[in-house]
Amino acid sequence: LAHAAEPLKADRELVLVAVRQDGWALVYAAEPLKADRELVLEAVRQNGGALAYAAEPLKADRELVLKAVLQDCAALVYAAEPLKADRELVLEAVR
């Protein structure tokens, strides 16, 4: 996806296939796709660190952040501040 033409980086189907293979591919997705909850959820299921490239509102989505930290506890660093104070979520991150 890194070397794909810009219009392809906005192709939801193509980006979805890419993030299912490598969550980090989200970094190359067009900005509107970084706000697509389903697409970002697939990315963080594959690689929790992909949360870094999600749109800000999704970083406050508890379910999505939980999926990210369950995959990679270090993803907590990218969560919205209120979620960093969520005891249950942080407990999952450190387990």
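Residues numbered from 1 in each chain as written. Predicted model: local features only at pLDDT ≥ 70, side-chain atom pairs only at ≥ 80, totals over all residues. Heavy atoms only, no water.

**Here we look at the overall build of the chain**
When its secondary structure is counted, the chain shows six helices and zero strands. A compact globule built from 95 residues should have a C-alpha radius of gyration of about 12 Å, and the chain, at 13 Å, falls within 12% of that. C-alpha extents for the chain along the principal axes are approximately 40 × 20 × 15 Å. Here the chain holds 95 residues, and the buried ones make up 43% of them. Pairs at least 24 apart in sequence give 36% of the contacts found in the chain among residues at least 6 apart. Accessible surface, the chain: about 5,300 Å² in total, of which carbon and sulfur atoms supply 54%. Of the side-chain charges in the chain, 12 are positive and 16 negative, and the distance between the mean point of each set is 4 Å. (Helix = DSSP H or I, 4+ residues; strand = E, 2+ residues; numbered from the N terminus. Rg over C-alpha atoms; globule rule 2.2 N^0.38 Å. Buried < 20%, exposed > 50% of the residue type's maximum accessible area, 1.4 Å probe, protein only. Contact = heavy atoms within 4.5 Å. Areas by Shrake-Rupley, 256 points an atom, 1.4 Å probe, with all protein chains shown as cover. Lys, Arg positive; Asp, Glu negative; His and termini not counted. Charge placed at Lys NZ, Arg CZ, Asp CG, Glu CD.)

**Some details on a nonpolar patch on the surface**
On the surface, a nonpolar cluster with roughly 350 Å² of combined accessible area is contributed by Trp24, Tyr53, Val77 and Tyr78. Residue placement: Tyr53 occurs in the loop between α3 (37–46) and α4 (62–71). (Patch = residues over 30% accessible without salt bridge, like charges linked within 9 Å, V, L, I, M, F, W, Y side chains within 5 Å. Salt bridge = Lys/Arg side-chain N within 4 Å of Asp/Glu carboxyl O.)

**Describing the packing of aromatic side chains**
Evaluation of the coordinates by the stated rule reveals one aromatic pair. Both rings, one in Trp24 and one in Tyr53, keep their centres 5.5 Å apart while their planes meet at 70°; by these two values the pair is edge-to-face. On the criterion of sequence distance, the pair formed by Trp24 in the loop between α2 (12–21) and α3 and Tyr53 in the loop between α3 and α4 is long-range, its members being 29 residues apart. Classification of Tyr53 by relative accessible area gives partly exposed; the value is 30%. (Phe/Tyr/Trp six-rings, centres within 6.5 Å; stacked < 30°, edge-to-face > 60°.)

**Focus: the environment of Val15**
As for its position among the elements, Val15 is in helix α2. A relative accessible area of 0% means that Val15 is categorised as buried. Apart from residues lying up to four places away in sequence, Val15 is in contact with Leu1, Leu8, Lys9, Ala29, Leu33 and Leu39.

**Notes on the packing of α2 against α3**
Packing of α2 against α3 leaves a shortest axis separation of 7 Å and a crossing angle of 20°. Between α2 and α3, the interaxial angle falls into the category roughly parallel. Both α2 and α3 take part in a crossing whose hand is left-handed. The segment α2 lies against α3, with Arg12, Val15, Leu16, Val19, Arg20 and Gln21 engaging Glu38, Leu39, Glu42, Ala43 and Gln46. (Axes fitted to C-alpha atoms, helices over the stretch in contact; angles between N-to-C directions. Parallel < 35°, antiparallel > 145°, perpendicular 65-115°, else oblique. Left-handed = near helix turned anticlockwise from the far one by under 90°.)

**Brief notes about the pattern of salt bridges**
Opposite charge on two side chains permits pairing when their charged atoms draw close. For the coordinates displayed, the defined rule picks out 13 salt bridges. Notably, a salt bridge pairs Arg20 with Glu42, separated by 3.3 Å at the nearest N-O pair. Here Arg20, found in helix α2, pairs with Glu42, found in helix α3; they are 22 residues apart in sequence, far enough to count as distant. With a shortest N-O distance of 2.8 Å, Arg37 and Glu63 are connected by a salt bridge. Here Arg37, found in helix α3, pairs with Glu63, found in helix α4; they are 26 residues apart in sequence, far enough to count as distant. With relative accessibility at 43%, the residue Glu63 sits in the partly exposed group.

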